[in-house]
Amino acid sequence: MTARRDFIKKGVVGAAGLLAGCAGDVDAGNERSPSDASIDTLSATAKGPVILSTWNHGLAANARAWEVLLAKGSVLDAVEQGVMVTESDLGNRSVGLGGTPDRNGHTTLDACIQDHDGRCGSVAFLEHIEHPISVARAIMEKTPHVMLVGEGAQRWALENGFTRKDVVIPEVRTAYLEWLKTSQYKPIANVENHDTIGLIAIDEQGRMAGSCTTSGMGYKIHGRVGDSPIIGAGLFVDGEIGAACSTGTGELVIRTVGSHTVVELMRHGRSPAEACEEAVRRIMKFLPNPKDYQVGFLALRKDGAYGGFAIQPGFDFALRTAEGETLVKVASAWKPA
Ligand code: ASP
């Protein structure tokens, strides 16, 4: 797996020049105080299709999603097929079957998808299926429900065209056995033991959709479900307003129904970055030690404006527009002393 920081060093951020004035503004705004007046410089607007996704694994996902849009596929196909790339990457320890297991040694997967008209599907606590995002979409399209979980979800998937996949990755197994020696649950903010991919997009016609998929927090309690498969928490799309997604400590995002909050704030006039910042600050009201936590939001408005905000430095997002692709650093509320 390419470590996020290595990737940045390879100069992807340097490609920000492709998107003159956008990434640079976002970059320049990193680590701001609440009194900073230049909030709007953190939101940029792109013409035509726009795809945003969390972390550097988003670059490959965006590339696939962009291909789908270029081939005149629907935006729903694009957001699904984009994150399928991440799900299939067995080198990824936070998404798909290569993900870090829970404390019982099971890799359990959570995902959801939502379209322009608010239709949605979700799956949680799913094992042995390569593409939870496609299960989520199938639940949306073929059942009267929104969400299936656990064994029932797996059985339904197997009865509906998905195949079981058993994956054993020696490196993951060794790390798990090592973890068992202390069995301490101490997720470290910004370290690759938890990093969902959330992807939100708008096509040429102004139609929007979003997807979100993860193996969740490494070494979580067996049965734990985070924000990522919960519509309104890990993802929310309202075709009339915009879309948002999140990454980080899911419990914090669920408590504030984070992505829905971001979209509602945009509905009431906040820019994408302002909306993300407000959602982060609501979380921070009940955080004694922000330095121990990371939550990041991304938002995309119907007019192509986009932005993000995080609790602390280190969160970045992949951006694809007609002008090119880049990795953008996200502004944050807390900074190390
Ligand atoms: N939000 C995910 C969860 O809580 C993890 C992450 O994005 O880092 O499961």
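Cut-offs and rules
- Residues numbered from 1 in each chain as written.
- Predicted model: local features only at pLDDT ≥ 70, side-chain atom pairs only at ≥ 80, totals over all residues.
- Heavy atoms only, no water.
- Helix = DSSP H or I, 4+ residues; strand = E, 2+ residues; numbered from the N terminus.
- Contact = heavy atoms within 4.5 Å.
- Buried < 20%, exposed > 50% of the residue type's maximum accessible area, 1.4 Å probe, protein only.
- Polar contact = N/O pair within 3.5 Å; in protein donor to acceptor, adjacent residues only side chain to side chain.
- Disulfide = S-S within 2.5 Å.
- Pairing = 2+ DSSP bridges.
- Axes fitted to C-alpha atoms, helices over the stretch in contact; angles between N-to-C directions.

Draft legend 1. Structural view of the overall build of the protein chain. When helices and strands are counted, the protein chain shows 10 helices and 13 strands. A fraction of 67% describes how many contacts in the protein chain between residues 6 or more apart in sequence connect residues 24 or more apart.

Draft legend 2. Structural context of unusual backbone geometry. Backbone geometry places Lys72, a non-glycine residue, at a positive phi of 65°. By the secondary structure assignment, Lys72 is in the loop between α3 (58-70) and α4 (75-88). Even without a glycine there, the phi angle at Ser183 is positive, about 50°. Checked against the element boundaries, Ser183 lands in the loop between α7 (170-182) and β6 (197-202). Residue classification places Ser183 among the partly exposed residues on the basis of a relative accessible area of 38%.

Draft legend 3. Molecular detail of the side chain of Gln294. The topology assignment puts Gln294 in the loop between α10 (272-284) and β10 (295-301). Residue classification places Gln294 among the buried positions, given a relative accessible area of 2%. There is a polar contact of 2.7 Å between the side chain of Gln294 and the backbone oxygen of Gln312.

Draft legend 4. Region of the structure containing the environment of Gly206. Topologically, Gly206 is positioned in the loop between β6 and β7 (208-214). By relative accessible area, which is 17% here, Gly206 ends up buried. Distance in space between the C-alpha atoms of Gly206 and Gly304 is 8.4 Å, their sequence separation being 98 residues. Contacts of Gly206, omitting those with residues within four sequence positions, involve His116 and Lys302.

Draft legend 5. Structural detail: the state of the cysteines. If you walk through the whole model with that rule in mind, you get 0 disulfides. Among the cysteines around Cys112, which has no disulfide bond, Cys212 carries the closest sulfur, lying 5.2 Å off. Classification of Cys112 by relative accessible area gives buried; the value is 0%. With no disulfide of its own, Cys245 lies closest to Cys212 among cysteine sulfurs, the gap being 6.4 Å. With a relative accessible area of 0%, Cys245 lands in the buried category.

Draft legend 6. Representation of the pairing of β7 in the model. β7 sits mainly inside the fold: 7 of its 7 residues count as buried. Burial of the side chains of β7 extends over both faces: Met208, Gly210, Cys212 and Thr214 are buried on one face and Ala209, Ser211 and Thr213 on the other. As judged from the 5 bridges shared by strand β3 (residues 109-114) and β7, these two strands associate in the antiparallel manner. Along β7, the bridge assignment pairs Ile113 with Ser211. Pairing of β6 with β7, which is carried by 6 bridges, proceeds in the antiparallel orientation. In the strand pairing of β7, Ile197 is matched with Thr213. Linking β6 to β7, which pair antiparallel, is a turn of 5 residues; within it Gly206 sits at a positive phi near 85°.

Draft legend 7. Region of interest: the sheet that holds strand β9 (residues 242-248). In spatial order, the strands read β1-β11-β10-β9-β8; together these 5 strands make up an open sheet with antiparallel pairing. The open sheet is flanked by β1 (44-45) and β8 (235-238), the only strands paired with a single partner. In terms of strand pairing, β10 meets strand β11 (residues 305-310) through 5 bridges, oriented antiparallel. Looking at β11, one finds that Phe297 is bridged to Phe309. Of the strands in this sheet, β10 and β11 are in contact with α10, which crosses β11 at around 20°.

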